[in-house]
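What the coordinates show
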Amino acid sequence: MSYQALARKWRPKTFAELSGQEHVVRALSNALDRGRLHHAYLLTGTRGVGKTTIARILAKSLNCVKGVTATPCGVCSACVDIDAGRFVDLLELDAASNTGIDNMREILDNARYAPTVGRYKVYLIDEVHMLSKAAFNSMLKTLEEPPEHVKFVLATTDPQKIPVTVLSRCLQFNLKLLQPPLIAARLSEILRAESIAFEDAALALIARVAHGSMRDALSILDQAIAYGAGEVRESVVRTMLGAADADYAYRIADALVVRDGPALLAEAHSLAEHSVSLSNALEELAALFHRIAVAQTVPDAATAFPDAARVKSLAQALAPEFIQLAYQICVQGRADLVLAPDETTGFTMTLLRLLAFEPAWEATGEAPAAPESATDIRSSGEPVAPEGSTSANATQSASATSAADAARAAITVPEPEAWPAFVAALKLSGMALQLAAQTALKAVAGNEFVLAVPESARHLTDRAYADKLKAAMEQALGRRVRLRFEIGGSTGTTLAAQEKRERDVAQAKTEAAFRDDPFVQDLLTRFDARIKPNSIKPV
Ligand SMILES: [Zn+2]
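Residues numbered from 1 in each chain as written. Predicted model: local features only at pLDDT ≥ 70, side-chain atom pairs only at ≥ 80, totals over all residues. Heavy atoms only, no water.

**Topic: the overall build of the chain**
Along its length, the chain carries 25 helices and 10 strands. Looking at the chain residue by residue over its 539 residues, the buried ones come to 47%. In the chain, the proportion of contacts linking residues at least 24 apart, taken out of those at least 6 apart, comes to 74%. If you sum the accessible surface of the chain, you get close to 26,100 Å²; carbon and sulfur atoms cover 54% of it. (Helix = DSSP H or I, 4+ residues; strand = E, 2+ residues; numbered from the N terminus. Buried < 20%, exposed > 50% of the residue type's maximum accessible area, 1.4 Å probe, protein only. Contact = heavy atoms within 4.5 Å. Areas by Shrake-Rupley, 256 points an atom, 1.4 Å probe, with all protein chains shown as cover.)

Next up, the structure:
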């Protein structure tokens with residue numbers, strides 16, 4: 001016996017078997033049970049979500065020998081013939097190949113005659129938006145006053161292209177994209193019935209690349225079975241689809257947690273070397289960020305993820321705002337791949353963008369070991385700034401020296417002028433570092449430090465950041481400390497002000513260029529994002 005494609009063999013034969021379109025099934029079942037069926041339905045939705053399948057089940061419901069029913073018997077001559085695609089009163093027409101008025105006239109003329117064997121003539125017109133204007137017009141008359149024995153099922157992937165006059169005469173149902181878990185469940189059901197060995201991870205991968213289409217999923221599954229010699233293994237499916245090994249998305253996310261630039265570049269290099277589709281890679285990365293976002297906002301919903309444990313730990317290590325931003329960067333990066341000089345460049349650029357924004361999740365209290373690695377990536381392949389240069393690199397090394405000095409002086413309470421150096425020496429990162437940099441020391445009374453903060457940095461005095469600053473100060477000073485912030489007061493000597501003066505000249509041009517980049521602009525406004533200080537440096 002010849003091999004039958006899974007999509008054909010496993011096309012659902014009853015409404016009960018049809019997954020994912022419950023809203024349509026319920027409406028049609030009710031109408032059938034009450035005998036109040038509309039004469040024309042328009043089913044919209046992308047390919048492979050069940051439009052033709054629904055039309056065929058409807059045809060059986062109307063023509064089953066046992067009577068009009070929402071649960072056709074499946075064994076009578078009408079049901080069997082419809083399933084086999086040879087029922088004379090079900091007329092399937094592909095508008096994509098029969099767009100002309102002549103075809104339509106012929107069909108409509110035919111509609112006047114009573115059904116040959118069944119109770120109803122069912123016209124299934126697929127891709128109906130492809131019909132010509134004249135064809136639509138000739139159809140209109142019949143749609144307005146259809147003979148009692150005629151039902152129309154129009155299906156389209158593009159309802160916008162259908163004339164309003166036709167739309168208004170149809171009952172419209174939008175078929176939903178099928179969710180990956182639902183597709184994976186159906187695939188595993190089929191493979192069990194077919195006694196084919198499989199790995200869940202392989203099905204999850206197929207379900208995701210099928211983009212909501214059961215038909216696509218089944219034809220990929222067909223390929224995978226052939227490719228894997230009768231088994232469906234994850235590694236085989238990955239090779240077949242040009243997807244990389246499962247872990248690279250985690251490795252990239254892990255590298256972002258510790259801000260390990262070299263690791264990111266190495267990952268990009270290795271993906272490109274294995275000729276993995278970098279578009280798929282960005283897609284997979286975006287999917288990972290999505291799961292992390294779910295874990296952060298609706299933790300209960302995340303427990304069902306196959307990689308729940310890894311997602312959870314990433315959800316704790318990365319800030320929710322960063323995840324939102326990262327998702328956007330990946331999606332946009334994917335769209336931009338076609339515009340990039342080449343795929344690898346576009347992909348690498350996207351990873352560097354992820355690195356340029358601040359991912360540290362302050363609430364964990366873990367200072368990422370990043371500055372060193374972040375410096376590595378910036379310095380690799382770029383000329384080292386000459387001594388005395390006022391570039392960001394120089395600022396960094398300057399603050400490194402003053403850090404050592406300040407560490408020696410850290411035992412004593414700093415004078416207001418020494419405050420910036422003291423702050424620079426503290427083990428701070430992220431928002432806490434930004435807070436520290438914006439403060440000026442106004443007074444010390446006993447354990448209490450009065451710190452002036454400009455109005456523009458008020459948000460940085462958030463408890464979470466303040467506590468980290470306080471902890472770092474306590475560690476440096478070896479005693480308890482209390483912080484009091486004065487918002488809006490004059491803030492003479494802050495680390496930020498000092499660094500700013502040094503940096504301004506060289507930075508201004510570079511930063512402006514980066515900030516004026518439309519993509520960056522978009523991110524900044526949409527997410528209220530901040531560009532990590534020093535991540536942009538003049539070349
Ligand atoms: Zn039947």
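From this point, the narrative continues.
**Concerning helix 2 (residues 22-34)**
Between the first and last C-alpha of helix 2 there are 18 Å, a value that for 13 residues agrees with the 18 Å anticipated at 1.5 Å per step. In this structure, the buried residues of helix 2 make contact with strand 1 (40-44), helix 3 (51-63) and strand 5 (171-174). A positive phi of about 65 degrees marks Gly-35, the residue just after helix 2. (Expected span 1.5 Å × (residues − 1).)

**Describing the side chain of Ser-138**
Looking at the element boundaries, Ser-138 is found in helix 6 (residues 133-144). Once residues lying within four places of it in the same chain are set aside, the contact partners of Ser-138 are Ile-101, Met-104 and Leu-108.

**So, helix 22 (residues 430-438)**
In terms of burial, helix 22 is largely enclosed, as seven of its nine residues are buried. Of all the positions in helix 22, only Gly-430, Met-431, Ala-432, Gln-434, Leu-435, Ala-436 and Ala-437 are classed as buried.

**Brief notes about the sheet that holds strand 10 (residues 482-487)**
Taken together, three strands build an open sheet; the order of strands is 8-9-10 and the sheet is mixed. Where the open sheet ends on each side, the last strands, each with one partner, are strand 8 (440-445) and strand 10. Neighbour-to-neighbour, the strand axes of this sheet turn through a mean angle of 25 degrees, independent of strand direction. When strand 8 meets strand 9 (residues 448-453), the two strands line up antiparallel, connected through five bridges. By the bridge assignment for strand 9, Ala-443 is matched with Val-450. Helix 23 (residues 463-477) rests against strand 9 and strand 10 of the sheet, and its axis sits at about 130 degrees to strand 10. (Pairing = 2+ DSSP bridges. Axes fitted to C-alpha atoms, helices over the stretch in contact; angles between N-to-C directions.)

**A closer look at the layout of surface pockets**
Space inside the second largest pocket adds up to approximately 1,200 Å³. Along the wall of the second largest pocket there are 37 residues; nearest its centre are Pro-180, Ala-204, Arg-208, Ala-287 and Arg-291. Secondary-structure elements contributing two or more residues to the lining of the second largest pocket are helix 8 (180-193), helix 9 (200-209), helix 11 (234-241), helix 12 (248-257), helix 14 (278-297) and helix 17 (320-336). When the residues that make up the lining of the second largest pocket are grouped by side-chain class, the tally is 24 nonpolar, four polar and nine charged. (1 Å grid on protein atoms, 1.4 Å probe; cavity = no way out; pocket = protein on both sides within 12 Å on 5 of 7 lines; lining within 4 Å. Points joined across faces, edges and corners; volume = space filled by probe spheres on them. Nonpolar A, V, L, I, M, F, W, Y, C, P; charged D, E, K, R; others polar.)

**Re the packing of aromatic side chains**
Under the counting rule described, the total for this entry stands at three aromatic pairs. Taking 5.3 Å as the distance between ring centres and 25 degrees as the angle between the ring planes, the aromatic pair formed by Tyr-123 and Phe-152 counts as stacked. One end of the pair, Tyr-123, is in strand 3 (residues 121-126); the other, Phe-152, is in strand 4 (residues 150-156), with 29 residues separating them in the sequence. Given the relative accessible area of 2%, Tyr-123 is considered buried. Residue classification places Phe-152 among the buried positions, given a relative accessible area of 0%. (Phe/Tyr/Trp six-rings, centres within 6.5 Å; stacked < 30°, edge-to-face > 60°.)

**What to know about the sheet that holds strand 3**
Where strands meet in a sheet, backbone hydrogen bonds hold them as pairs that are either parallel or antiparallel. Pairing in this open sheet of five strands is parallel, and the strands run 2-3-4-1-5 from one edge to the other. Across the chains shown, the open sheet's two edge strands, defined by having one partner strand only, are strand 2 (90-94) and strand 5. Each neighbouring strand pair of the sheet contributes to a mean axis angle of 15 degrees, computed without reference to strand direction. Here five bridges tie strand 2 to strand 3, and the two strands are oriented parallel to one another. Note that in strand 3 the partner of Leu-90 across the bridge is Val-122. The strands that helix 2 touches are strand 1 and strand 5; relative to strand 5, the one it contacts most, it runs at about 150 degrees. Strand contacts of helix 3: strand 1, strand 2, strand 3 and strand 4, with the helix running at about 175 degrees to strand 3, the strand carrying the most contacts.

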